[in-house]
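The residues making up each chain are set out below.
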Amino acid sequence: MLPTLRQLSYLKLLAENGSFGRAAEAAHVTQPTLSAGIQELERTLGAPVVDRARSGVILTPVGVEALRRATSILMEAEELVEAAKNAGQPLTGRFRLGVIPTIAPYLLPRALPALRERYPKLRLYLREDLTQRLLTALKAGRLDAALIALPFDMAGLASAHVADDELLAAAPPNHPWAQSETVAPSQIDAQDLILLEDGHCLRDHVLHACGISPPKAMQEEEHFAATSLPTIVQMVGSGLGVTFLPAMAVNAGLADTAPIVVRPLAADRPSREIVVVWRAGSSRAAEGRLLADVFKQS
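Colleague: Outline the pattern of salt bridges, supporting the account with residue identities and numerical values.
Modeller: One pass over the full model with this rule turns up 12 salt bridges. Measuring nitrogen to oxygen at the nearest pair gives 3.3 Å for the salt bridge that ties R94 to E78. Taken together, the residues R94 in strand β3 (residues 93–99) and E78 in helix α4 (residues 61–85) connect sequence positions 16 residues apart. Put simply, R96 and D144 hold a salt bridge, and the shortest N to O gap is 3.1 Å.

Right under this line is the structure:
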């Protein structure tokens, strides 16, 4: 006998919810039904998959390995169903797309109307989050694709190019930069930089692309940092420092929300690469490329 998809689904829900009651509720079955499914799975495997304790359930070593494989099997089964539904009709039905915060508000307003017009049967579910969390969800099968910026670790992923997004210097109007048409990297004092807080890939892109090492104050978290680009723009407009903004955001009007000046860098014009990514070997690869085409045109 082999485990059934239902049994593996019960195990996954049990691990995610931590108790039989909550897992049964998530599975829309009674608790005895879910418990019986787990017991049948244990008989099939010949070993317990959970330890039942007052504080909840804890996966046994066999359960941990079963969960790892179950996650992959269930993901493949979902993709099989979606592929069959959408055979010959790309981008119809449900598609779960992750987008990072430094792209979502500047590209999606232009791209979504085009997507709706070109693929009227598409049901697009969007999740905005940091790159690392989006890729974790993507690899776990909770997303079908993600719109992110490179460079980033692409192990186990494939991608389609959307655009190269130039990084521009931004400063208050009374800053020396305001008198120049371009800004040389040598003019940048890392101590004056205001960047997004750690975890945002744009922070790393700026430091890497401009050849800047984080100053000691920044490493000790005693430096100004922000949670969003609009916050950074307001901080720069208030004279607290200088920053770098993606051209995509500037073109969408972000720099118009505060008194700042924006200048290109004199050398190399550093940029980040915008891509759509999906799991390597995924049946949604063709749809990922179609999404990238729409985003590119937008």
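From this point, the narrative continues.
Colleague: Please give an account of the packing of helix α1 (residues 5–17) against helix α3 (residues 31–45) that cites residues and values.
Modeller: Packing of α1 against α3 brings their axes to within 9 Å, and their N-to-C directions diverge by 110 degrees. It follows from the interaxial angle that α1 and α3 lie roughly perpendicular. Where α1 crosses over α3, the two elements pack in a sense that is left-handed. Contact residues: α1 offers Q7, L8, Y10, L11 and L14, while α3 offers T33, L34, G37, I38, E40, L41 and T44. Here the contact of α1 with α3 is composed, by residue class, of 7 nonpolar, 4 polar and 1 charged.

Colleague: Residues and numbers for the pairing of strand β6 (residues 157–171), please.
Modeller: Here 9 bridges tie β6 to strand β11 (residues 271–279), and the two strands are oriented antiparallel to one another. Bridge assignment links D165 to a residue of β11, and that residue is R272. One ladder, built from 4 bridges, connects β6 with strand β9 (residues 243–246); its direction is antiparallel. Each residue of the ladder has a partner; that of A169, found in β9, is F244. The pairing of β6 with strand β10 (residues 261–263) spans 3 bridges and is antiparallel.

Colleague: Help me get a handle on the packing of helix α5 (residues 104–118) against helix α11 (residues 285–297), residues and values and all.
Modeller: The interhelical angle for the contact between α5 and α11, taken along N-to-C directions, is 125 degrees, at an axis separation of 9 Å. Here α11 runs oblique to α5, going by the angle between their axes. Seen from above, α5 lies across α11 with right-handed handedness. Contact residues: α5 offers L107, L108, A111, A114, L115 and R118, while α11 offers L291, V294, F295 and Q297.

Colleague: Can you tell me about α11, naming the residues and giving the values?
Modeller: End to end, α11 covers 19 Å across 13 residues, agreeing with the expected 18 Å (1.5 Å per residue, within 8%). For α11, the full list of buried residues reads A285, E287, G288, L291, A292, V294 and F295. Packed against the buried residues of α11 are β3, α5, β5 (145–150), β6 and β11.

Colleague: Tell me what's going on with the side chain of D165, and back it up with residues and numbers.
Modeller: Tracing the backbone shows D165 in strand β6. Relative accessible area serves as the criterion here: at 4%, D165 is assigned to the buried category. At 3.3 Å, the side chain of D165 forms a polar contact with the backbone nitrogen of A247. In terms of polar contacts, D165 uses its side chain to reach the backbone amide nitrogen of M248, at 2.8 Å. Look past the residues within four positions of D165 in its chain and what remains in contact with it is P246, A247, M248, S271, R272 and I274.

Procedures and definitions
- Residues numbered from 1 in each chain as written.
- Predicted model: local features only at pLDDT ≥ 70, side-chain atom pairs only at ≥ 80, totals over all residues.
- Heavy atoms only, no water.
- Salt bridge = Lys/Arg side-chain N within 4 Å of Asp/Glu carboxyl O.
- Helix = DSSP H or I, 4+ residues; strand = E, 2+ residues; numbered from the N terminus.
- Axes fitted to C-alpha atoms, helices over the stretch in contact; angles between N-to-C directions.
- Parallel < 35°, antiparallel > 145°, perpendicular 65-115°, else oblique.
- Left-handed = near helix turned anticlockwise from the far one by under 90°.
- Contact = heavy atoms within 4.5 Å.
- Nonpolar A, V, L, I, M, F, W, Y, C, P; charged D, E, K, R; others polar.
- Pairing = 2+ DSSP bridges.
- Expected span 1.5 Å × (residues − 1).
- Buried < 20%, exposed > 50% of the residue type's maximum accessible area, 1.4 Å probe, protein only.
- Polar contact = N/O pair within 3.5 Å; in protein donor to acceptor, adjacent residues only side chain to side chain.

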